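Residue-level listing of the chains:
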Amino acid sequence: LLALALVPDDQIPLVVATLLARFSSPDDQVRQAAIRAAAHAVPTVDAFDESLIGLGETGDQYALSAIANALLMSTKEMRSKAKFNEWLRLLCKLSPGSRDAINSFDHVLGRLITAPAQQQFAISCLTDWVSIHAKDTARDKSAAELFNETTHELSNRPDLLSQVIT
């Protein structure tokens, strides 16, 4: 309701406070629903930024997944927010096992690669994720497989691809 601007202005503080209180619920379903609702509202409401960023910084995979989904579903709105780069950089903490969230992250990075002004930032996010999570084995293809859309976009831009390889 917050994301769709269907909450009356005088009720927004109550809704925000209720959701934030549920972030620490002992019931995982309640906690996850609150995080998901808050992340979904981030494109239109700034009240959850600090709390969600805090969860993301701790590596909370559920919060990171919710953020990744919000970035994917509202890329245009999120790109206009002052904290867009901070939101996206948090996703470098996504574990390789968070496949759906990685797919969302990959899709957003792929879109950024197509925008010349965002290419270097997208490459730095991909590089950071790889430096944190890639296996130290010869010919490790896991990052290329997980980030297939970004890899595809990079392969269409040889100058950027060579930058990533080196």
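One structure accompanies this document, and this report is about it.

1. Things to note about the overall build of the chain
Thinking step 1. Helix and strand counts for the chain stand at 11 helices and 0 strands.
Thinking step 2. Traced from its N-terminal end to its C-terminal end, the chain shows the element sequence α-α-α-α-α-α-α-α-α-α-α.
Thinking step 3. Within the chain, the fraction of its 166 residues that count as buried is 42%.
Thinking step 4. Contacts spanning at least 24 positions in sequence make up 65% of the contacts within the chain whose residues lie at least 6 apart.

2. Brief notes about the environment of Ser-65
Thinking step 1. With respect to the helices and strands, Ser-65 occurs in helix α4 (residues 61–73).
Thinking step 2. For the pair Ser-65 and Leu-91, spaced 26 residues apart in the sequence, the C-alpha separation amounts to 8.2 Å.
Thinking step 3. Every residue in contact with Ser-65, bar those within four places of it in the chain, is listed here: Leu-94, Ser-98 and Ala-101.

3. Concerning α4
Thinking step 1. An ideal rise of 1.5 Å per residue puts 18 Å on 13 residues; α4 measures up with 18 Å between its terminal C-alpha atoms.
Thinking step 2. Regarding α4, the residues found buried are Ala-63, Leu-64, Ala-66, Ile-67, Ala-68, Ala-70, Leu-71 and Leu-72.
Thinking step 3. Looking at the buried positions of α4, the neighbouring elements they touch are α2 (28–41), α3 (49–57), α5 (75–79), α6 (84–90) and α7 (99–113).

4. Some thoughts on the packing of aromatic side chains
Thinking step 1. Applying the stated criterion across every chain yields a total of 2 aromatic pairs.
Thinking step 2. With centroids separated by 5.6 Å and ring planes inclined at 80 degrees, the aromatic side chains of Phe-105 and Phe-147 adopt a geometry described as edge-to-face. Here Phe-147 lies in the loop between α9 (142–146) and α10 (148–155) and Phe-105 lies in helix α7, a separation of 42 residues in the sequence.
Thinking step 3. Note on Phe-147: relative accessible area 0%, which makes it buried.
Thinking step 4. Relative to Phe-147, the ring of Trp-129 has its centre 4.9 Å away and its plane inclined at 65 degrees; by these criteria the two rings are edge-to-face. With Trp-129 in helix α8 (residues 119–133) and Phe-147 in the loop between α9 and α10, this residue pair connects regions lying 18 residues apart in the sequence.

5. Describing the environment of Gln-32
Thinking step 1. Mapped onto the elements, Gln-32 comes out in helix α2.
Thinking step 2. In this structure the C-alpha to C-alpha distance between Gln-32 and Arg-22, which are 10 residues apart in sequence, comes to 8.6 Å.

6. Considering the packing of α7 against α10
Axes are the key here: two packed helices are described by the angle between their axes and the distance separating the axes.
Thinking step 1. The geometry of α7 relative to α10 is characterised by a closest axis approach of 7 Å and an angle of 15 degrees between their N-to-C directions. Regarding the angle of α7 to α10, the classification is roughly parallel. For the crossing formed where α7 meets α10, the hand is left-handed. Of the residues in α10, those touching α7 at Asp-106, His-107, Leu-109, Gly-110 and Ile-113 are Asn-148, Glu-149, Thr-150, Glu-153 and Leu-154.

7. Thoughts on the nonpolar core
Thinking step 1. Within the largest apolar cluster, 47 residues are counted, with the highest numbers of intra-cluster contacts made by Leu-52, Leu-88 and Phe-105.
Thinking step 2. For this core, the secondary-structure elements that each account for two or more residues are α1 (12–22), α2, α3, α4, α6, α7 and α8.
Thinking step 3. Excluding residues that lie within four positions of it along the chain, Leu-52 makes contacts with Phe-23, Ile-35, Ala-38, Ala-39, Val-42, Ile-67 and Trp-87.

8. Observations regarding the state of the cysteines
Thinking step 1. What the rule picks out here adds up to 0 disulfides.
Thinking step 2. Looking at the unpaired Cys-92, the closest cysteine sulfur is the one in Cys-125, lying at 4.7 Å.
Thinking step 3. On the accessibility criterion, Cys-125 (0% relative accessible area) is buried.

9. What to know about the side chain of His-133
Thinking step 1. Within the element layout of this structure, His-133 appears in helix α8.
Thinking step 2. Within the structure, the side chain of His-133 is placed 3.0 Å from the backbone oxygen of Leu-94, a separation counted as a polar contact.
Thinking step 3. In contact with His-133, other than residues within four places in its own chain, are Cys-92, Lys-93, Leu-94, Ser-95 and Pro-96.

Reading the values: rules and limits
- Note that residues are indexed from 1 along each chain, following the sequence as it is written.
- Local features in this predicted model are restricted to residues of pLDDT 70 or higher, and side-chain atom pairs are both shown and tallied only at a pLDDT of 80 or more, whereas totals for entire chains, interfaces and linings draw on every residue.
- Here the side-chain values reflect all heavy atoms present in the structure, with hydrogen atoms and water set aside.
- Working definition: helices are DSSP H or I runs of at least four residues, strands are E runs of at least two. Numbering for both runs from the N terminus.
- Classification of residues uses two cut-offs on accessible area relative to the type maximum, computed with a 1.4 Å probe and protein chains only: under 20% is buried, over 50% is exposed, and between them is partly exposed.
- The contact rule is simple, with two residues in contact once any of their heavy atoms fall within 4.5 Å.
- Helices are assigned an expected span. That span is 1.5 Å times one less than the residue count.
- Planes of paired rings set the category: under 30 degrees apart is stacked, over 60 is edge-to-face and the rest tilted, where pairs are Phe, Tyr or Trp rings (Trp by its six-membered ring) whose centres lie within 6.5 Å.
- Here, axes are lines fitted to C-alpha atoms. For helices the fit covers the stretch in contact, and angles between N-to-C directions go from 0 to 180 degrees.
- An angle below 35 degrees is treated as roughly parallel, one above 145 as roughly antiparallel, one from 65 to 115 as roughly perpendicular, and anything else as oblique.
- Definitions for this section: a left-handed crossing has its near helix turned counterclockwise from the far helix by less than a right angle. A right-handed crossing has that turn clockwise.
- By nonpolar core we mean a set of buried residues, namely Ala, Val, Leu, Ile, Met, Phe, Trp, Tyr and Cys, connected to one another through side-chain atoms within 4.5 Å.
- Count a disulfide wherever a pair of cysteine sulfur atoms falls within 2.5 Å.
- Polar contacts, as used here, are pairs of N or O atoms within 3.5 Å; protein pairs need one atom able to donate a hydrogen and one able to accept it. Residues neighboring in sequence count only if both atoms are side-chain atoms.

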